Amino acid sequence: MAYQALYRAYRPQTFEDLVGQPHVRQTLTNALRSGQLAHAYLFCGPRGTGKTSTAKLLAKAVNCLQPKHGFEPCNACEACTSIQRGSNVDVQEIDAASNRGVDEIRDLRDHVHYLPTMAKKKVYIVDEVHMLTPEAFNALLKTLEEPPPHVLFVLATTEPHRLPATIISRCQRFDFRRIAPEAIVERLRLVAQSQGIEAADSALWRLAEAADGGLRDALALFEQAAAFGDGRIDDATVADVVGSVDIGSLVALVRDLAERSFLSAMERLGRWYASGKDASRIVHDLLQVVRDLFIVKLSQSPDALAGKPVDPYLPVASRDDVTAEWLLAAMRRLGELYTQLRYVEEPRLALEAVLMSLAAERRSREAEGDSSASIQPARTAAAARRRAPSSEQPAQAAADPLAQASGPVSAAPEVAKRAREAREAARPASSRAAAHRKRETLARLYRDRDEALEARLQGTWPDVLASVKAKRVQTHAWLLHGEVALVTPHAVVLSFKSRIHREAVMKPADRAAIEAALAEALGQPVQLFAILQADWEEFAASVAPAIAEEAGSQEASDAAPADVDVVQLAIDLFGADKVTVEDEGDDG
Amino acid sequence: MDIFDAVDHATRTGPASVYLLHGSEIGLFDWFCDELVRNHRASSVLRFDYQEDGFEPAELELCSYSLFGERPLVYVRNVAAFVPEGRSGPDADRLAAYLERPVPERTLVLSVPSDKLDERRRVTKLAKRHAVVACPVPTRDRDAMAKLERLARSKSVAIDPEALAELWRRTGSLTLAMNEFDKLCAYADGHPIARDHVRELVPMQAEDSVFTWIDEVVQGKVAAVFEALDGLFRQGYDAFSLIALLARQIRLMAFAKGAADLERRAKELGVHPYALRTAARHAARFPERQLERLVRVLADAEWDVKRGRLAPEVALHLALMELAHASTLERKRAQ
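Source: prediction; values computed, not measured. (Residues numbered from 1 in each chain as written. Chains lettered and ligands numbered in written order. Predicted model: local features only at pLDDT ≥ 70, side-chain atom pairs only at ≥ 80, totals over all residues. Heavy atoms only, no water.)

1. Some thoughts on the interface of chain B and chain A
Accessible area lost during the coming together of the parts is what is often quoted as the interface size.
Now for step 1: In this complex, chain B contributes 47 residues to the contact, which on the side of chain A involves 52 residues.
Now for step 2: Together chain B and chain A conceal approximately 4600 Å² of surface at their shared face, both sides included; 55% is due to carbon and sulfur atoms.
Now for step 3: Measuring nitrogen to oxygen at the nearest pair gives 3.2 Å for the salt bridge that ties B:Glu52 to A:Arg109.
Now for step 4: Contributions of two or more residues to the side of chain B that touches chain A are made by β2 (45-49), α3 (50-53), α9 (174-188), α10 (195-201), α12 (222-234), α16 (288-306) and α17 (312-334) of chain B.
Now for step 5: Broken down by element, the residue count for the side of chain B that touches chain A peaks at eight residues, all from α17(B).
Now for step 6: Residue classes in the side of chain B that touches chain A are distributed as 17 nonpolar, eight polar and 22 charged. (Contact = heavy atoms within 4.5 Å. Buried area = accessible area lost by both parts, 1.4 Å probe. Salt bridge = Lys/Arg side-chain N within 4 Å of Asp/Glu carboxyl O. Helix = DSSP H or I, 4+ residues; strand = E, 2+ residues; numbered from the N terminus. Nonpolar A, V, L, I, M, F, W, Y, C, P; charged D, E, K, R; others polar.)

Here is the structure:
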């Protein structure tokens, strides 16, 4: 006899064999026993959960010549054996994916009225019924509504939401559930015994998990693993067949990171690479493990993972140094890496960097001695920065670049302290640097402020507007919304309420027109700067007094600590030709 | 006219010549025909589809005399001539002519699965001379329960009131609920249908599942949330739409929090008052600042997906983890 795939050889032949769908089994057997069968059934559920098998079972049960207990097919009579062989002309299995048109359904409808040839009932099993066209559904509707008494329809689909309500309302619907891993493992154990295959329990669990509730997938993987392992199935064989890393090793990697065992983590990663695992798959699996660890940690229930054993996770999840916040941070970093991997030239390097940063984060957090502090995701922290300071979240409030805008001013101790706190807050380094540069530029300009010149410009401001209007009418319209904030011998800072206006005047043509008008008014060339009014007011309120004070103290004594100019430091270190200062366009 | 009043009236005085049934509860159309056949002299139901067969075969049947004295009920479904999208033509003219002078002592039942009829059409005006029966989905739970009880009684189904309430909660439609009766009876095997039977056999409607899921999310039931998530994906929800649904619900909770007049707030927001009342009930568990934070978490998730920083599934998982964590912290603080 030709070899049959395991999932075909082990299809349930009786209702007792039907795995993981007790509600379906009980309802159908009761209906069969009482003779109250519906004329149409709709079986919905994920793939491999037993829809088609149940449909065939039902076909056998209604046609069996000697049913056991009134509902169980005997599998010995002619009807049962012919249905099992697929040679019974009265039981038709139709693939709606390839017979989806109205003509096929009309053809079916025409044949429905003939009496069965050899069986008691004609059974039409329409698989993947959601693939029918709307016209075909309409054609089927009338037959479904009042089929002849000798006909039984069984419709099977994985996507019931794609069926018209009119079809669903004319069928008795059964939702097939994903089969619990325990039930799959039980079945695999049975198959292993009867096939003489040696299989480790943990390996069967791994197969059941990989099958995602589908017994057919589980059996197919089981068969593949048995062939690969030459009759023996263990964890390593399953990992090779499934193409993923086993859960125990992934959890051990998380433990390594928590313990900051860099070497052990790298060696583990190296072994996975050596066995052909790619970074994307590792990150994908790691994401699932981190999520499961989080669930186990928070719910602390033996059934936290919906039937999946929690034992591999518990030792790590119950550790004090594996906090929920750290797991959240890990989830975010790995999630971002998962998206970025497709653009990265060295995926392994990127993965290692993220793992190292996670391990290092543990250390830095411990160094802070604040294990209970919440790790805010970058965007959440950014959002928190946008909010006004409040008593609820002082840490986030301190992180607000406007509130602590006196980074370069070391003279004000309180401000400096807040700046230090801000440095510790989690936020992108680039935006921090940009905000820092902006404050610094403003502080430098403020030191060079020429109040006499400023008063002169205030006086001649209408002339400047008129001059700009003569040059560019549009620029004049933008400039009307600006106010003179600060004037130095070489620069003029204008403040705008709206970001749109601020950006508009800084476009090259507009800027040139304004600078030309300012040069006319002041009698010397000046550079134009534009900032938001809110920022200027913030700066004026918090930083300017400190600068003024600093200037005064510097005059009195040169011993005061100097402001750290990052750009200057960079120039000193690398040379002026190697340093280019660019504004990153952050809205300051 | 209500469909149950129509059945009672027909039982008392005999069936009318023409009934026009319209509404979303299409299961009631068949039930109505079955009840007429059960209670009157009609021997059976002859069914036609207006869109497929037109009105002619039904008219022929109605206008023919049976040699054997059988007078089946004639049921024509999908009579698109009564709705704006239906075309007028010879079939509509035939129908109009019949409605003007129906055959006495015969019963014609017309149905159209639409809550609103096109009042400007001549056929609609003519049908209004006869019995027009509306079959909308009940909006109040109390009405729905009364109707379901009546339907169960007419089908001789023994069901506990609790089970009936659960059935309504899960189906939200008389048609779907009626459809489950046979299955539940088979499962209960002669015993009255209990609530557990309903829970075991009747699938939740997609929207309701999402609602329960959201409830679990805001309660911080992390294990249940992730377990239910698979089911939602199977029902065709994608991660991004779930983020949107969650965001909507939590935003509603934030709006409902502290609102003195919920009805007025609902009007201002343009949402159904019931939705806002439910949101207010959920919001009672959270302080306002926590709700603000949750909205921010979801906004961040959306932002991360839109800028391509996170895959939608990962963003959803992360948002759910954040929500669960926030909820756990809140619970600890309350304790």
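2. Quick look at the packing of helix α16 (residues 324-340) of chain A against α17(B)
Now for step 1: The N-to-C vectors of α16(A) and α17(B) enclose an angle of 170°; their axes lie 10 Å apart at closest approach. Regarding the angle of α16(A) to α17(B), the classification is roughly antiparallel. Contact with α16(A), carried on its side by A:Ala324, A:Glu325, A:Leu328, A:Met331, A:Arg332, A:Gly335 and A:Tyr338, involves B:Val314, B:His317, B:Leu318, B:Met321, B:Glu322 and B:His325 of α17(B) and no other residues of that element. (Axes fitted to C-alpha atoms, helices over the stretch in contact; angles between N-to-C directions. Parallel < 35°, antiparallel > 145°, perpendicular 65-115°, else oblique.)

3. Side note on the nonpolar core
Now for step 1: A:Phe294, A:Leu351, B:Trp213, B:Leu246, B:Leu316 and B:Leu320 are the most contacted members of the largest nonpolar core, which has 91 residues in total.
Now for step 2: Examining the composition of this core, we find that 12 residues originate from one element, helix α14 (residues 279-299) of chain A, more than from any other.
Now for step 3: With residues up to four places along the chain from it excluded, the contact list for B:Leu320 reads B:Trp213, B:Val217, B:Val225, B:Phe226, B:Leu229 and B:Leu246. (Core = buried A, V, L, I, M, F, W, Y, C linked by side-chain atoms within 4.5 Å. Buried < 20%, exposed > 50% of the residue type's maximum accessible area, 1.4 Å probe, protein only.)

4. Details of helix α26 (residues 533-542) of chain A
Residues and elements named next belong to chain A.
Now for step 1: Turning to α26, its buried residues number three or more, namely Gln 533, Asp 535, Trp 536 and Phe 539. Here the buried residues of α26 occupy an arc of 160° about the axis, which is enough to place them on one side. Opposite its buried face, α26 presents the exposed residues Ala 534 and Ala 541, each directed more than 90 degrees away. (Arc of directions from axis to C-beta.)

5. Notes on unusual backbone geometry
Now for step 1: Backbone geometry places A:Arg260, a non-glycine residue, at a positive phi of 60°.
Now for step 2: Counting through the fold element by element, A:Arg260 comes out in the loop between α12 (247-259) and α13 (262-274).
Now for step 3: Among the residues examined, A:Arg260 registers a relative accessible area of 29% and is labelled partly exposed.
Now for step 4: Its identity is not glycine, yet B:Glu105 carries a phi of approximately 65°, on the positive side.
Now for step 5: Within the secondary structure layout, B:Glu105 lies in the loop between α5 (90-100) and β4 (108-112).

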